[in-house]
Amino acid sequence: MAAPCYLGWDFSTQQLKVIAIDEHLRVIYEDNVHFDEDLPEFKLVDMTVSFWDTEVSTAFVSGWDAYDSKTQGGVYIHSDRLTVTSPVLMWVKALDMILEKMKSSGFNFSQVRALSGAGQQHGSVYWKKGSIQILKNASSELPLHQSLKACFSVSNSPIWMDSSTASQCSALEKAVGGAQHLASVTGSRAYERFTGNQIAKIYSQNPEVYMQTERISLVSSFAASLFLGAYAPIDYSDGSGMNLLQIWEKVWSVSCLDACAPGLEEKLGCPVPSHSVLGPISPYYSQRYGFSPDCKIVAFTGDNPASLAGMSLQEGDIAISLGTSDTLFLWIQEPTPALEGHILCNPVDSQTYMALLCFKNGSLMRERIRDDCASGSWDEFSKALSSTVAGNNGNLGFYFDVMEITPEAVGIHRFNRDNQKVSDFPKEVEIRALIEGQFMAKRIHAEKLGYKVMPGTRILATGGASHNKKILQVLSDVFNTPVYTIDTANSACLGSAYRAIHGLVAETNVSLADVVKLAPEPRLAVTPTAGAEELYRPLLKRYAELEQKVIYNPTSSCLVK
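A brief structural summary. Predicted model only: the values in this text are computed from it and were never measured.

Describing the pattern of salt bridges
Under the defined criterion, the tally for this structure stands at 21 salt bridges. A salt bridge links Arg443 to Glu447, with the nearest nitrogen and oxygen atoms 2.8 Å apart. Here Arg443 and its partner Glu447 are both found in helix α17 (residues 427–448), 4 residues apart, which amounts to about one turn of the helix. A relative accessible area of 3% means that Arg443 is categorised as buried. Taking the shortest distance from any N to any O, the salt bridge between Glu533 and Arg537 comes out at 3.1 Å. Remark: Arg537 and Glu533 occur in helix α21 (residues 532–550); sequence separation between them is 4 residues, near one turn of the helix. Look at Arg537 and you get partly exposed, because its relative accessible area is 37%.

Structure (structure tokens):
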């Protein structure tokens, strides 16, 4: 008998990925379908989405749009430059294609004991009335996309890149008593990409299409539905990114639902714990590909929560992705939701929470200062960083080439040790002010969300800048915590495979940490310098006070990722 294995899927923005791992957590198979390259038929299509284009009269329920549209990076950017969607059938066809590739390679589907997956967060899929029967009874003689081609009342799904719902965000915050109250209930203030506001837009622009819809899925629960042959419930963790779920009670907020659209609770179904086993795989997959009928489907979740699982985060840990934008993942016991950042239910421990903070001015900002102050050389940049003292003699800086999210501010702002604004710094001071400022902002905003550095806390660093030890040393000193590096090329996919194993044993109180004991350990990179906490504590207080001086006064209360 073949050794058991587990599948992890990632329905991301630009591609569909799959990983198979064995019981020792070794990757035994991986593959992907790149939407633009492998599904060129979606690169140039007429779109039946006139009701979804803000420039077209909402009197048109459907019909061919007036322009051709191409997917670029797996998405359609509409003519208003705010509306961003992806074709639902592209995702279904990608699944057909990757399963056929696996079959052709000789992959033994009968050895798969369980599977789980991740979807890009916030995106939504709208199932037309009657679709449940088509999904349930799909013929194994046909690829799935052929059976499901008439199942979606909205053929192009709004996704996380969309920023067209400013008015819906304002209305939702107003309906529930303000931005902070909404954050306190749902974990986040109103964001334009969040699903509740997208649903409200569809209902207000085209109530007929909304009424034709019997189920609204997130991308994650939609993907799980394809495997289940039935509508899969939304899990607590991905459900926390909708502005609709009460994160404490883990039920839908009636006031938020009512503010978005009528009859919404019935269309969403009941949310479930992220480790839930939803049921056995649909007979379609047993008949077409040879999956065992006993293969279990574990609830799918969002890509960020799945990455938390893939990086094997534990209580008190911080993961920092130092990429184009910098992202913080935090495991939090007692969060305090704020106007910045997001609190989500923890995907691997439903009694705790995770926090997400996104900083737009990440590597591009570091690269610009490297070019301006270190002749474009990372070696020169690192030498300059080492030539200056920790704390930078009290010089602090804020560096935002583009409008920042956390905090909402833009421009370059420099302050000397006496808190006086200055026009420039010497080059080596500029470099340290940039790096210290970026990491102090991360600690300040993490602590605002209720995070506390604990004994045993680890920072897991990933992304381009995590290869630079001088930068990591500043990170370690600012947080007074050791920094480890970790390979996370496929963290959402890997996390989904780990969660598939965990789902089978979660009800017996086995933790994910127990399940992933055999996973590769992160590598210790740097430890904090003696006296770092005493040095940075007063600087952190100063930095937080100065940040208030540079915050931009927005005309809109809605923020965009």
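Considering the sheet that holds strand β10 (residues 156–158)
Taken together, 3 strands build an open sheet; the order of strands is β6-β7-β10 and the sheet is antiparallel. Whereas interior strands pair on both sides, the edge strands pair on one side only; in this sheet they are β6 (76–77) and β10. Both strand β7 (residues 84–87) and β10 contribute to a ladder of 3 bridges, which runs antiparallel. Following the sheet pairing, Thr85 is matched in β10 by Pro158. Of the strands in this sheet, β7 and β10 touch helix α2 (residues 88–104), which is tilted by about 40° from β7.

Looking at the pairing of strand β21 (residues 396–400)
Most of β21 is tucked away: 5 of the 5 residues are buried. Burial along β21 is two-sided: the residues Leu396, Phe398 and Phe400 and Gly397 and Tyr399 are all buried. Across 5 bridges, the pairing between β21 and strand β22 (residues 411–415) is antiparallel. Looking across to β22, one finds that Tyr399 is bridged to Ile412.

Points about the side chain of Asn392
If you trace the backbone, Asn392 turns up in the loop between α16 (378–387) and β21. Since its relative accessible area comes to 2%, Asn392 is described here as buried. Not counting residues up to four positions away in its chain, the partners in contact with Asn392 are Val429, Arg432, Ala433 and Glu436.

Thoughts on the packing of aromatic side chains
In this structure the tally under the stated criterion is 22 aromatic pairs. Measuring from centroid to centroid gives 5.7 Å for Phe109 and Tyr289, while their planes differ by 55°, and the two rings are tilted. Taken together, the positions of Phe109 in the loop between α2 and β8 (112–119) and Tyr289 in helix α13 (residues 283–289) put the pair 180 residues apart, joining distant regions of the chain. Comparing Phe109 with Tyr289, the two get one shared label, buried. Ring centres of Phe398 and Phe415 lie 6.0 Å apart, and the angle between their planes is 90°; on these two criteria the pair is classed as edge-to-face.

Some thoughts on the side chain of Ser157
Note that Ser157 resides in strand β10. A distance of 2.8 Å separates the side chain of Ser157 from the backbone oxygen of Ser124, its partner in a polar contact. The residues touching Ser157, leaving out its near neighbours within four places in the chain, are Val84, Thr85, Ser86, Val88, Trp91, Ser124 and Val125.

Here's the deal with the nonpolar core
In this structure, Ile199, Leu244, Leu264 and Leu268 are the most contacted members of the largest nonpolar core, which totals 85 residues. When residues of this core are assigned to their parent elements, the largest contribution, 10 residues, is made by α17. Setting aside residues no more than four positions away along its own chain, Leu268 makes contact with Ile199, Arg215, Ile216, Ile234, Met242, Leu244, Trp252 and Leu257. Val18, Val33, Phe109 and Tyr284 belong to the second largest nonpolar core, which has 53 residues in total.

Remarks on helix α15 (residues 363–373)
Of all the residues in α15, the buried ones are Ser363, Met365, Arg366, Ile369, Arg370 and Cys373. The arc that holds every buried residue of α15, seen down its axis, measures 160°, which confines them to one face. Of the residues flanking the end of α15, it is Ser375, one or two places downstream, whose phi is positive at about 50°.

Focus: the packing of α17 against α21
Contact geometry of α17 with α21 gives a least axis separation of 9 Å together with a crossing angle of 85°. One finds that α17 runs roughly perpendicular with respect to α21. Each of Arg432, Glu436, Gly437, Met440, Ala441, Arg443, Ile444, His445, Glu447 and Lys448 in α17 lies in contact with α21, whose residues at this interface are Glu533, Tyr536, Arg537, Leu539, Leu540, Tyr543, Ala544, Glu547 and Gln548. Here the contact of α17 with α21 is composed, by residue class, of 8 nonpolar, 3 polar and 8 charged.

Brief notes about the packing of helix α5 (residues 166–176) against helix α6 (residues 179–186)
Helix packing for two helices is described by the angle between their axes and how far apart those axes are. With their axes 8 Å apart at the nearest point, α5 and α6 run at an angle of 85° to one another. Comparing the axis directions of α5 and α6 gives the class roughly perpendicular. Contacts between α5 and α6 involve Leu172, Glu173 and Val176 from the former and Ala179, His181 and Leu182 from the latter. Across the contact of α5 with α6, the residue classes break down as 4 nonpolar, 1 polar and 1 charged.

Each value, and the rule that gives it
Residues numbered from 1 in each chain as written. Predicted model: local features only at pLDDT ≥ 70, side-chain atom pairs only at ≥ 80, totals over all residues. Heavy atoms only, no water. Salt bridge = Lys/Arg side-chain N within 4 Å of Asp/Glu carboxyl O. Helix = DSSP H or I, 4+ residues; strand = E, 2+ residues; numbered from the N terminus. Buried < 20%, exposed > 50% of the residue type's maximum accessible area, 1.4 Å probe, protein only. Pairing = 2+ DSSP bridges. Contact = heavy atoms within 4.5 Å. Axes fitted to C-alpha atoms, helices over the stretch in contact; angles between N-to-C directions. Phe/Tyr/Trp six-rings, centres within 6.5 Å; stacked < 30°, edge-to-face > 60°. Polar contact = N/O pair within 3.5 Å; in protein donor to acceptor, adjacent residues only side chain to side chain. Core = buried A, V, L, I, M, F, W, Y, C linked by side-chain atoms within 4.5 Å. Arc of directions from axis to C-beta. Parallel < 35°, antiparallel > 145°, perpendicular 65-115°, else oblique. Nonpolar A, V, L, I, M, F, W, Y, C, P; charged D, E, K, R; others polar.

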